[in-house]
Amino acid sequence: MTQQLPQSVLFCCDHNAVRSPMAEGLMKKFYGTGTYVQSVGVKNDMEIDGFSIAVCAELDVELARHRSRSFDEMEEWGDDLGSFDLVIALSPASQRRALELTRFYHLDVEYWPILDPTGLGEGREAKLTQFRAARDQIVGRLIDRFGAPLEEN
């Protein structure tokens, strides 16, 4: 069931290095700039993963400039969780943290169980296959939730 695009979406996962930056980049690519899209992690202890950059580049989504950040840093930088219409958690830990942080706000937290591809597969091709699987899960969930990608993005 597709719904109208929200004004703002926050994607979150464990480290803001693999799944949530992919979701952020894909959402921007598919649905344009009409929706404010950001991503964060429970922790910020990793840079964006090179495999995430590679598999998103295959869909013409550029992630190389992404800088990982945590929920805490987001708040320090003045992005208020309450200003988002929708929080989409891509990992159990990020879902718990989002629910903790949003209990004072009236906003929706959705959980999308997206495969964590890190540490899966031996060798570059096997790893790329796992990262593509995670990317494609995100693509499927985006289209299920928000409809077909808009033209000319």
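Refer to the structure above for everything that follows.
Residues numbered from 1 in each chain as written. Predicted model: local features only at pLDDT ≥ 70, side-chain atom pairs only at ≥ 80, totals over all residues. Heavy atoms only, no water.

A. Layout of the packing of helix 2 (residues 50–57) against helix 5 (residues 124–146). Running from N to C, helix 2 and helix 5 point in directions that differ by 65°, and their axes come no closer than 9 Å. When the axes of helix 2 and helix 5 are compared, the pair comes out roughly perpendicular. In the crossing of helix 2 with helix 5, the sense of the turn from one axis to the other is right-handed. Facing Phe51, Ser52, Ala54 and Val55 of helix 2, the residues of helix 5 in contact are Arg124, Lys127, Leu128, Phe131, Arg132 and Arg135. (Axes fitted to C-alpha atoms, helices over the stretch in contact; angles between N-to-C directions. Helix = DSSP H or I, 4+ residues; strand = E, 2+ residues; numbered from the N terminus. Parallel < 35°, antiparallel > 145°, perpendicular 65-115°, else oblique. Left-handed = near helix turned anticlockwise from the far one by under 90°. Contact = heavy atoms within 4.5 Å.)

B. Layout of the pairing of strand 1 (residues 8–13). Across the 6 residues that make up strand 1, a large majority, 6, are buried. Burial along strand 1 is two-sided: Ser8, Leu10 and Cys12 and Val9, Phe11 and Cys13, pointing in opposite directions, are all buried. Pairing analysis gives 6 bridges linking strand 1 to strand 2 (residues 36–41), with the strands arranged parallel. The partner of Val9 across the bridge, within strand 2, is Val37. Each parallel crossover has a hand, and the one from strand 1 via helix 1 (residues 19–31) to strand 2 is right-handed. Looking at chain direction, strand 1 and strand 3 (residues 86–89) are connected through 4 bridges and run parallel. Residue pairing for strand 3: Cys12 is matched across the bridge by Ala89. (Buried < 20%, exposed > 50% of the residue type's maximum accessible area, 1.4 Å probe, protein only. Pairing = 2+ DSSP bridges. Right-handed = clockwise from strand over helix to strand, strands pointing away.)

C. Inspection of the environment of Asp79 at higher detail. Inspection of the secondary structure assignment puts Asp79 in the loop between helix 3 (71–76) and strand 3. A relative accessible area of 16% means that Asp79 is categorised as buried. For the pair Asp79 and Gln38, spaced 41 residues apart in the sequence, the C-alpha separation amounts to 9.6 Å. Among residues more than four places away in sequence, those in contact with Asp79 are Tyr36, Gln38, Arg69 and Met74.

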